[in-house]
Amino acid sequence: PAKVVDLKVNGSINAADFNQMLVNMKSLLRLDLTDCDITEIPDEALSGKTQLQELILPNKLQTIGRNSFSNCIGLQRLTLQTGLQAIGERAFYGCISLQNLTLQTGLQTVGPSAFRGCASLMGELNLPSTVTTIGASAFVGTAYTSVKLPSTLKTIGDYAFNGLSINQKLTLPSKVTSVGAYAFAGTKITGLSIPDGVTSIGNYAFADTPIEGHVTIPDGVTYLGTGAFRNSQLSTVFLPNSVETLPQGLFQGCPNLNLVYVPDNYTSLSTS
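Computed from a prediction, not measured in an experiment: that's the story for all the values here.

## As for the overall build of the protein chain
Moving on, step 1. Secondary structure assignment for the protein chain yields 1 helix and 20 strands.
Moving on, step 2. Taking the principal axes of its C-alpha atoms as reference, the protein chain extends roughly 70 × 25 × 25 Å.
Moving on, step 3. Taking all 272 residues of the protein chain together, the buried fraction comes to 47%.
Moving on, step 4. When the accessible surface of the protein chain is summed, it comes to about 11,600 Å², and 46% of that surface belongs to carbon and sulfur atoms.
Moving on, step 5. Of the charged side chains in the protein chain, 16 are positive and 18 negative; the average position of the first set lies 8 Å away from that of the second.

## Quick word on the side chain of Ser-146
Moving on, step 1. With respect to the helices and strands, the residue Ser-146 is situated in strand E11 (residues 143-148).
Moving on, step 2. For Ser-146, a relative accessible area of 18% puts it in the buried group.
Moving on, step 3. If near-sequence neighbours (up to four positions away) are discounted, Ser-146 is found in contact with Gly-123, Glu-124, Leu-125, Ile-166 and Gln-168.

## So, the sheet that holds strand E20 (residues 259-261)
Moving on, step 1. If you walk across this open sheet you meet the 3 strands as E17-E19-E20, and the pairing is parallel. Edge positions in the sheet fall to strand E17 (212-216) and E20, since each has one partner strand and no second. Averaged over all pairs of adjacent strands, the angle between strand axes in this sheet comes to 25°, irrespective of strand direction.
Moving on, step 2. Sheet analysis places strand E19 (residues 233-238) next to E20, joined by 3 bridges and oriented parallel. Within E20, the position partnered with Phe-238 by the bridge is Tyr-261.

## Topic: the sheet that holds strand E5 (residues 63-64)
Moving on, step 1. One open sheet accounts for 9 strands, arranged E3-E5-E7-E8-E10-E12-E14-E16-E18; its pairing is parallel. Unpaired on one side and paired on the other, strand E3 (40-41) and strand E18 (223-224) mark the two borders of the sheet.
Moving on, step 2. Relative to E18, strand E16 (residues 200-201) runs parallel, the two sharing 2 bridges. Directly across from Ile-201, in E18, lies its bridge partner Leu-224.

## Let's talk about a nonpolar patch on the surface
Moving on, step 1. A cluster of nonpolar residues, Val-260, Val-262 and Leu-269, forms a patch on the protein surface that exposes about 220 Å² of accessible area.
Moving on, step 2. Inspection of the secondary structure puts Val-262 in the segment after E20.

## Regarding the pattern of salt bridges
Moving on, step 1. Applying the stated criterion to the full structure yields 9 salt bridges.
Moving on, step 2. Measuring nitrogen to oxygen at the nearest pair gives 3.1 Å for the salt bridge that ties Lys-60 to Asp-37. Taken as a pair, Lys-60 in the loop between strand E4 (54-56) and E5 and Asp-37 in the loop between strand E2 (30-32) and E3 lie far apart in primary sequence, 23 residues in all.
Moving on, step 3. When the shortest N-O distance is used, the salt bridge between Glu-44 and Arg-66 registers 3.3 Å. Of this pair, Glu-44 sits in the loop between E3 and E4 while Arg-66 sits in the loop between E5 and strand E6 (77-79), and the two are 22 residues apart along the sequence.

About the criteria used
Residues numbered from 1 in each chain as written. Predicted model: local features only at pLDDT ≥ 70, side-chain atom pairs only at ≥ 80, totals over all residues. Heavy atoms only, no water. Helix = DSSP H or I, 4+ residues; strand = E, 2+ residues; numbered from the N terminus. Buried < 20%, exposed > 50% of the residue type's maximum accessible area, 1.4 Å probe, protein only. Areas by Shrake-Rupley, 256 points an atom, 1.4 Å probe, with all protein chains shown as cover. Lys, Arg positive; Asp, Glu negative; His and termini not counted. Charge placed at Lys NZ, Arg CZ, Asp CG, Glu CD. Contact = heavy atoms within 4.5 Å. Pairing = 2+ DSSP bridges. Axes fitted to C-alpha atoms, helices over the stretch in contact; angles between N-to-C directions. Patch = residues over 30% accessible without salt bridge, like charges linked within 9 Å, V, L, I, M, F, W, Y side chains within 5 Å. Salt bridge = Lys/Arg side-chain N within 4 Å of Asp/Glu carboxyl O.

Right, here's the structure in full:
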């Protein structure tokens, strides 16, 4: 086993088989699981297999488990098949050499920290039209410069795109209901459109960004987090009727802000 460099596996395999590949196949560079008769990659399957360079996942795969391929620092080429529905927490965390990620139609959930620290992922992130959930810190540490959010998206987790070099106007899809804390904090987004369906905008969700012009916070928003637009370049803001009290530091450090529309029902304006 220690001499195997290129391996193609057919039929059914289980956690013990993955452990055999992880522990005993010290020279494995390429793993082709195309014809494996499995629907789920187990948790921790090949976590830390640093020499692996190419991975082709099964045609029938639906779920990639937690930490399945985390810290595979040599992994450069990854093939995800149509039919995949969920990528688990930290599935490809720390895969610093991973390039050219293509997420297939059918994917619904990108788990927390799924691609965190994958510094070689760059260009446009094109999420397929079936994704509904992006987990916390899913793409932190990647080098994407733009993102295409699908119309099916409902939830954007905490820190999901925090600190990325995304340089574009961001239009949130109409089905989005919540934007997590720090979700886009520190990105380079220059404009923002928030749909009527949003009910929650987390703490510092859009802080430290160059968002300019005007933003309308829709009436459906019932939670507006602390410092949500701190240090932005906004000039005009329309506040919703659905929030009666402004949180602390909402527009702190916004030098261009010159007009804020405040509904009559507001009872408290923070001094911070």
